[in-house]
Amino acid sequence: MRSEAEVLEMAGNAYYIAKLRNQRRDLLDKDLSKEFPDHYRRLSVSGHYVFEGHTAEKIIDDWLGERGHRRGSDRWAKLVRLAVKRGEELYKGRMG
């Protein structure tokens, strides 16, 4: 079972990848697939890359659900804020 720190790191990374995909239109899924291979799959027919990673929201929801906490709880809100903060730190670190 994952620790809270591991879940926050995973959710922060998921937020970061989503922000890159949405804010940096110059980055192609092909380029991002090299940096984040666990989050993409290449389609055999077309050769295009498809994002298959989980969202930060799903990661947190699943983890808290295993512990009997509901979406929208105070703990959920705290974890979401921390994941967003971590994702923003990663994004700002990349952008310099």
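Structure's up top.
Keep in mind it's a predicted model, so treat the numbers as computed, not measured. (Residues numbered from 1 in each chain as written. Predicted model: local features only at pLDDT ≥ 70, side-chain atom pairs only at ≥ 80, totals over all residues. Heavy atoms only, no water.)

## What about the packing of aromatic side chains?
By the definition in use, this model includes two aromatic pairs. Between Tyr-16 and Phe-36 the ring centres are 5.9 Å apart and the planes differ by 80°, which places this aromatic pair in the edge-to-face class. Here Tyr-16, found in helix H1 (residues 4-23), pairs with Phe-36, found in the loop between helix H2 (29-35) and strand E1 (40-42); they are 20 residues apart in sequence, far enough to count as distant. The pair formed by Tyr-16 and Phe-36 is uniform in burial state, with each residue classed as buried. Ring geometry for Tyr-40 against Phe-51: centres 5.4 Å apart, planes inclined by 75°, an arrangement best described as edge-to-face. (Phe/Tyr/Trp six-rings, centres within 6.5 Å; stacked < 30°, edge-to-face > 60°. Helix = DSSP H or I, 4+ residues; strand = E, 2+ residues; numbered from the N terminus. Buried < 20%, exposed > 50% of the residue type's maximum accessible area, 1.4 Å probe, protein only.)

## Section: the pattern of salt bridges
Applying the stated rule across the entire model yields 11 salt bridges. Glu-4 is paired through a salt bridge with Arg-75; the nearest N and O atoms lie 2.6 Å apart. Of this pair, Glu-4 sits in helix H1 while Arg-75 sits in helix H4 (residues 74-95), placing them 71 residues apart in sequence. Classification of Arg-75 as partly exposed rests on a relative accessible area of 31%. Here Glu-52 makes a salt bridge to Arg-41, at a shortest N to O gap of 2.6 Å. Here Glu-52, found in the loop between strand E2 (49-51) and helix H3 (56-66), pairs with Arg-41, found in strand E1; they are 11 residues apart in sequence, far enough to count as distant. (Salt bridge = Lys/Arg side-chain N within 4 Å of Asp/Glu carboxyl O.)

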